[in-house]
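Survey of secondary and tertiary structure
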Amino acid sequence: MGDRERGAVAGRDRRPRPDEMADQRALEQMCFRNLLATPGERVFFKDLESRFLLVSDSFLLDQAHSCNIAEVIGKSDFDFFSDEHALAAFEDEQRIVHTGEPMVAKIERETFRDRADAWVSTTKLPLRDGDGRIVGTFGISRDVTAQVLAEQALAHQALHDAVTGLANRLALMDRLSQALISLDRSQGRVGVLFVDLDDFKVINDSLGHEAGDRVLVEVARRLSRISRRGDTVARFGGDEFVLLCSALRDDDDLRLIASRAVRAIGERFVHAGNDLTVSGSIGVVVTDDPSASPGVLLQQADIAMYEAKSAGRDGFRFFDAELRARAATNHDFDAAVCKAIENRELFLLYQPLFSLESQTLRGAEALVRWEHPRRGIIAPADFIPLAEERGLIGAVDGFVLDEACRQLAQWMREGQYPDSFTVAVNLSGRQLSDPTLVERIARSIRDHGIVPSQICLEITETALIGELGDAATTLAALSDLGVRLALDDFGTGYSTLAHVQRLNVDILKIDRSFVEQIGGSDRDRQIIGAITAMAHALGMLVVGEGIETDRQLGELTALGCDEGQGFLLARPVRPDQVAAFNRGTGGMVHRDAVAPPVSR
Ligand code: C2E
Ligand code: MG
Ligand code: MG
């Protein structure tokens, strides 16, 4: 022991100890009285029959009409609390009396005869006499209403959506898991309705978020109204809701609920004096398999919802055998496309493009092919649309652009082509809304050290319909990079030349379907002539696609079309075969000049 501690003990020893002032009994009484006066702590002593022997001041104060101790002694909980609560307390105390086991910090809800409920944390112990015999119980309870309510609020917040008050995604996943587990014990089915509002973005954008929130709250109310007891209505995110139904007898139950939901969402909705049209598309999945995965079920309901949307919205669709088969193919497809890019199963053919006037090679269009290990060579028409739908087109087009830039750089290094030689790359219209597109293209061009104007990006006309806002901005940014832009398959969409003019497009590619008819009637010839003249007036170059006959070639040349592409002139070929078409001013080479291409 150090000096300081010794000093402290000595100092303490010098002071008279409290127990020296009075006898032990008086001290105990003093402490006990203080304990009973502790604010907020309800202390109570009871006999073997749970009648009060003694209670603390705060127990007396806590009663509705604060009473004095004489009014409490000899009474029981039944005189102060609800029968239900008094009975529970009595049972706890009888157990303690018989077993001698304490009850520690039990959080219980106290219900009173004449005032609001409270939450308390109660500890109860056996009350023993001098010989250690149990003669009753004693306990301390503390009001924890504020803490319990705060915890409940936090738990509510964690599991509920703030706007609609519905269960949130977390709560839904938990309840869906519980519902599936309960399939083990009970017969019946679990159904999931995945609801997505149609055109909600339009409401949000045109009327503001407040109106959007009002719609969400109203839809939540309507879905809750049509749901059955025990069902869960959840907000899954944005404008998506999920209705979880358990204890279904058959699919018809769910069909009924789904059609009610569609009708309820579509009911008249008035906001700020305006009638709003709200509708929803619903995907439905049902299972009786307790081992089903909640995540997979939601995914399936989501797939079915998209089907309902493409079938015209404002309706529902079950996830059935057909969708299941399609989903399985999609799943295989996704994995296969990712692997194809990784394993370099994708490769490019190049279809030469010629100047019609000088009959010289002007460039080549890169066209992707997929050499599938089992299925052989797959044409773009057989996988590009699916890749677009599955959100994988960015990866495919990214590969194509990078490979085309690499090839162009190699050709230019080898010095076979003039500086005006261009390589055209097709870009899926979906990519125009990808904010990383411009940067990715800029990087490919930079990485391969090529001149931007030697790259031409082809965008199909149909891709531009509808989302002109975003597309125009992206096209302007691409144009600023210095690359050339071509409008592909012109004539298959509905764009007017005025519309095209606003898009910074340099080249117009007249679709094969037009070129095919050129020999047919004067009218078709006149149309192509007019398009060409107007495009020229707007400073655009015109390319005729799909030239298969000498007649088509002759007509297009006569009508002033600048460049041409087609099987008559050259089929898509391997990169090393392009040079065979580069005969300086020696004229165009007939398709038979080179070995037959790999495909098409
Ligand atoms: P497109 O860009 O209009 O490409 C021209 C298509 O017409 C090519 O088919 C080409 O082989 C074919 N073609 C060329 N001349 C003739 C002809 O004289 N007669 C006939 N009947 N056909 C001719 P391909 O290679 O099957 O490509 C089809 C479409 O797939 C392309 O149309 C393009 O829209 C898309 N595509 C091709 N490669 C890619 C790519 O890398 N990315 C994206 N997003 N789309 C691509
Ligand atoms: Mg093209
Ligand atoms: Mg085309």
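Residues numbered from 1 in each chain as written. Chains lettered and ligands numbered in written order. Predicted model: local features only at pLDDT ≥ 70, side-chain atom pairs only at ≥ 80, totals over all residues. Heavy atoms only, no water.

**Section: the coordination of the magnesium ion (ligand 2)**
Going by this rule: Any N, O or S atom lying within 2.8 Å of the metal counts as a donor, with the limit raised to 3.2 Å for Na, K and Ca; because water is left out of the atom set, some sites can appear incomplete. Counting from the N terminus, the helices are DSSP H or I runs at least four residues long and the strands are E runs at least two residues long. Accessibility here uses a 1.4 Å probe with only protein chains present; expressed as a share of the type maximum, an area under 20% marks a residue as buried, one over 50% as exposed, and anything in between as partly exposed.
Around the magnesium ion (ligand 2), the protein contributes the donor atoms Glu365 (OE), Asn426 (OD1), Glu458 (OE) and Asp488 (OD), which lie 2.0 to 2.2 Å from the metal centre. As a motif over one chain, the donors of the magnesium ion (ligand 2) read E-x60-N-x31-E-x29-D. In this model, the magnesium ion (ligand 2) sits 4.1 Å from the magnesium ion (ligand 3), the two metals being bridged by Asp488. A residue pair is termed long-range when its members are at least 10 positions apart, and Glu365 in strand β14 (residues 361-372) and Glu458 in strand β17 (residues 455-460) qualify at 93 residues. Taken individually, Glu365 and Glu458 each receive the classification buried, so the pair is uniform in this respect.

**Observations regarding the sheet that holds strand β3 (residues 103-110)**
Applied cut-off: For two strands to be treated as a pair, DSSP must find no fewer than two bridges joining them. Note on geometry: axes are C-alpha line fits, over the in-contact stretch for helices, and angles between N-to-C directions span 0 to 180 degrees. What makes two residues a contact is simply this: any of their non-hydrogen atoms within 4.5 Å.
Read from one edge of the open sheet, 5 strands run β2-β1-β5-β4-β3, paired in antiparallel fashion. Each edge of the sheet is formed by a strand with only one pairing partner; in this case those strands are β2 (52-55) and β3. The mean angle between the axes of side-by-side strands here comes to 25°, regardless of whether they run parallel or antiparallel. By the bridge criterion, 3 bridges tie strand β1 (residues 41-47) to β2 in an arrangement that is antiparallel. Bridge assignment links Phe45 to a residue of β2, and that residue is Leu54. The strands touched by helix α5 (residues 83-99) are β1, β3, β4 (118-128) and β5 (134-143); relative to β3, the strand with the most contacts, the crossing angle is about 170°.

**Some remarks on the coordination of the magnesium ion (ligand 3)**
For the magnesium ion (ligand 3), the full set of protein donor atoms is Asp488 (OD), Asp489 (OD), Glu545 (OE) and Glu545 (OE), and the range of their distances to it is 2.0 to 2.6 Å. On the primary sequence, the residues serving as donors to the magnesium ion (ligand 3) are separated as D-D-x55-E. For Asp489, a relative accessible area of 22% translates into the label partly exposed.

**Quick notes on the pairing of strand β13 (residues 346-355)**
Summarising burial for β13: 10 of the 10 residues are buried, a large majority. Of the two faces of β13, both are covered, the one formed by Leu346, Leu348, Tyr350, Pro352 and Phe354 as well as the one formed by Phe347, Leu349, Gln351, Leu353 and Ser355. Sheet topology note: the β13/β14 ladder contains 9 bridges and is antiparallel. Each bridged residue has a counterpart across the sheet, and for Phe347 the counterpart in β14 is Arg369. Remark: 5 residues form the turn of the hairpin made by β13 and β14, two consecutive strands paired antiparallel; Gln359 in that turn has positive phi of roughly 55°. Note: β13 against strand β21 (residues 563-564), 2 bridges, orientation antiparallel. Within β21, the residue paired with Ser355 across the bridge is Glu563.

**With respect to the sheet that holds strand β6 (residues 189-197)**
The sheet built from 5 strands is open, its strands ordered β7-β8-β6-β11-β12 with mixed pairing. Every other strand in the sheet has two partners, leaving β7 (232-237) and β12 (316-318) as the edge strands with one partner each. Neighbour-to-neighbour, the strand axes of the sheet open up by a mean angle of 20°, direction not taken into account. The sheet strands contacting helix α11 (residues 294-310) are β6, β7, β8 (240-248), β11 (280-287) and β12, and the helix crosses β11 at an angle near 140°.

**Quick look at the side chain of Lys46**
Under the convention used in this document: Polar contacts, as counted here, are pairs of nitrogen or oxygen atoms within 3.5 Å of one another; within protein the pair requires one atom able to donate a hydrogen and one able to accept it, and residues that are adjacent in sequence qualify only if both atoms are side-chain atoms.
Note on placement: Lys46 falls in strand β1. A polar contact is formed between the side chain of Lys46 and the side chain of Glu93, at a distance of 2.7 Å. The contacts of Lys46, once residues within four sequence positions are left out, are Arg51, Phe52, Leu53, Asp77, Glu93, Leu127, Val135, Gly136 and Thr137.

**Notes on the domain arrangement of the chain**
The following threshold applies: An automatic or database domain assignment supplies the residue ranges for each domain.
Partitioning the chain into domains gives domain 1 (1-32), domain 2 (38-143), domain 3 (162-319) and domain 4 (331-582). Averaged C-alpha coordinates put domain 2 and domain 4 at centres separated by 86 Å.

**Some thoughts on the state of the cysteines**
To keep things clear, this is the line we draw: What counts as a disulfide here is a pair of cysteine sulfur atoms lying within 2.5 Å.
Per the counting criterion, the structure on display carries 0 disulfides. Note on Cys456: no disulfide assigned, nearest cysteine sulfur contributed by Cys405 at a separation of 12 Å. Given the relative accessible area of 4%, Cys456 is considered buried.

**A few points about the packing of helix α8 (residues 200-207) against helix α9 (residues 209-226)**
The condition is simple: When residues are grouped by polarity, Ala, Val, Leu, Ile, Met, Phe, Trp, Tyr, Cys and Pro land in nonpolar, Asp, Glu, Lys and Arg in charged, and all others, Gly among them, in polar.
Taken N-terminus to C-terminus, the directions of α8 and α9 make an angle of 140°; their axes are 6 Å apart at the nearest point. Every residue of α9 that contacts α8 at Phe200, Ile203, Asn204 and Leu207 is listed here: His209, Ala211, Gly212, Val215 and Leu216. Tallied by class, residues from the contact of α8 with α9 come to 6 nonpolar, 3 polar and no charged.

**Focus on the environment of Phe52**
For Phe52, the position within the fold is in strand β2. Assessed through its relative accessible area of 2%, Phe52 is described here as buried. Taking the C-alpha atoms as reference points, Phe52 and Ser76, separated by 24 residues in sequence, lie 5.9 Å from one another. If we ignore the near neighbours within four places in the chain, the residues touching Phe52 are Phe44, Phe45, Lys46, Phe59, Val72, Ile73, Gly74, Lys75, Ser76, Asp77 and Phe80.

**Examining the packing of aromatic side chains**
Spelled out, the test is: Classification of ring pairs rests on two measures: the distance between centres of Phe, Tyr or Trp rings, Trp counted by its six-membered ring, which must be within 6.5 Å, and the angle between planes, read as stacked under 30 degrees, edge-to-face over 60 and tilted in between.
All told, the structure shown has 13 aromatic pairs when counted by the stated rule. Ring centres 5.9 Å apart and planes at 85° place the aromatic pair Phe59 and Phe80 in the edge-to-face group. In this pair, Phe59 is assigned in helix α4 (residues 57-62) and Phe80 in the loop between α4 and α5, connecting sequence segments 21 residues apart. The same class applies to Phe59 and to Phe80, which are both buried. Between Phe194 and Phe236, the aromatic rings sit 5.3 Å apart at their centres with planes inclined by 70°, giving edge-to-face as the arrangement. Here Phe236 lies in strand β7 and Phe194 lies in strand β6, a separation of 42 residues in the sequence.

**Here we look at the site of ligand 1**
Selection criterion: Throughout, near means a residue has at least one heavy atom within 4 Å of the molecule or strand. Where accessible areas are quoted, they stem from the Shrake-Rupley method and a 1.4 Å probe; at the residue level, only the protein chains shown are allowed to cover.
Around ligand 1 sit 24 residues in total, of which Asp397, Asn426, Asp488, Glu548 and Phe567 are the nearest. At a separation of 3.0 Å, an oxygen atom of ligand 1 approaches a polar side-chain atom of Asp489. Protein contact buries 87% of the 790 Å² of open area that ligand 1 shows by itself. Secondary structure elements with two or more residues in the shell around ligand 1: β14, α14 (393-414), β16 (422-427) and β18 (484-490). In terms of residue count, β14 provides more of the shell around ligand 1 than any other element does, 4 residues in total. Grouping the constituent residues of the shell around ligand 1 by class yields 9 nonpolar, 5 polar and 10 charged.

**Focus on the nonpolar core**
Note the cut-off: Working definition of a nonpolar core: buried Ala, Val, Leu, Ile, Met, Phe, Trp, Tyr and Cys residues. They are joined through side-chain atoms within 4.5 Å.
Ranked by internal contacts, the top residues of the largest apolar core, which has 72 residues, are Tyr350, Phe383, Val396, Phe421, Val423, Leu457 and Leu478. Counting residues per element, this core draws most heavily on α14, which supplies 10 residues. If we skip the residues at most four places from it in the chain, Val396 touches Val337, Ile341, Leu346, Phe383, Ile384 and Ala387. Ile203, Val233, Ala258 and Ile282 belong to the second largest nonpolar core, which has 30 residues in total.

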